[in-house]
Amino acid sequence: MNEHDLNQMLKRAASALPGAMHASLGGSIMERVKSDDGRAKRLRSFVQWLLILATISGVITAGMVCWSMAMRDTTHTTPPPMKLFREGLPK
């Protein structure tokens, strides 16, 4: 049974009166719904991998940005000028 057949079966079941629905039709629909979880598993796996890769990409990007900003920062490369050394000893 492919997706087209399932859609036709569901449309027939939806348009049928509640009392007129055959037990076999209801049973086959529920059996198909219970056994066809492959698409849901693939989608769930795809979303999980997408989130994992997005997280890893974000962490790597943040690390590169922080590293490049730290390399350009010259605050700690030269000591601050001290008044004592510029003026000499007081007399």
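One can find the structure itself at the top, above this paragraph.
### Focus on the overall build of the chain
- Tallying secondary structure elements over the chain gives four helices and zero strands in all.
- Starting at the N terminus and walking to the C terminus, you meet the elements of the chain as α-α-α-α.
- Looking at the 91 residues of the chain, the share that counts as buried comes to 8%.
- For the chain, the computed accessible surface area is about 8400 Å², with 66% contributed by carbon and sulfur atoms.

### What to know about a nonpolar patch on the surface
- A cluster of nonpolar side chains, namely W49, I52, L53, I56, I60 and M64, defines an oily patch on the protein surface of about 640 Å² accessible area.
- Along the polypeptide, M64 turns up in helix α3 (residues 38-72).

### Some points on helix α1 (residues 3-15)
- For α1, built from 13 residues, the straight-helix expectation of 18 Å at 1.5 Å per residue is met to within 8% by its first-to-last C-alpha distance of 18 Å.
- For α1, the set of buried residues is L6, M9 and A13. Each buried residue of α1 lies within a common arc of 65° when the element is viewed along its axis, so the set occupies one face. In α1, the exposed positions that point more than 90 degrees away from the buried face belong to H4, K11, R12, A14 and S15.

What counts and how
Sequence order as written defines the numbering, with residues in each chain counted from 1. Where totals are concerned, whole chains, interfaces and linings use all residues; where local detail is concerned, this predicted model gives features only for residues with pLDDT of at least 70, and gives and counts side-chain atom pairs only at 80 or more. Side-chain metrics in this entry use all non-hydrogen atoms of the structure; hydrogen atoms and water are not considered. Numbering of helices and strands runs from the N terminus, with a helix taken as a DSSP run of H or I at least four residues long and a strand as a DSSP run of E at least two residues long. For the exposure calls, accessible area comes from a 1.4 Å probe over protein chains only, and a residue counts as buried if that area is under 20% of its type's maximum, exposed if over 50%, partly exposed in between. Surface exposure here means Shrake-Rupley accessible area, sampled with a 1.4 Å probe, where a residue is shielded only by the protein chains that are shown. What makes a patch is a set of residues exposed beyond 30% relative accessible area and free of salt bridges, joined within 9 Å when like-charged and within 5 Å when nonpolar (Val, Leu, Ile, Met, Phe, Trp, Tyr). Should a side-chain nitrogen of Lys or Arg be within 4 Å of a carboxyl oxygen of Asp or Glu, the pair is scored as a salt bridge. In this analysis, the expected span of each helix is defined as 1.5 Å times one less than the number of residues it contains. To obtain the arc, one takes the directions from the helix axis to the C-beta atoms.

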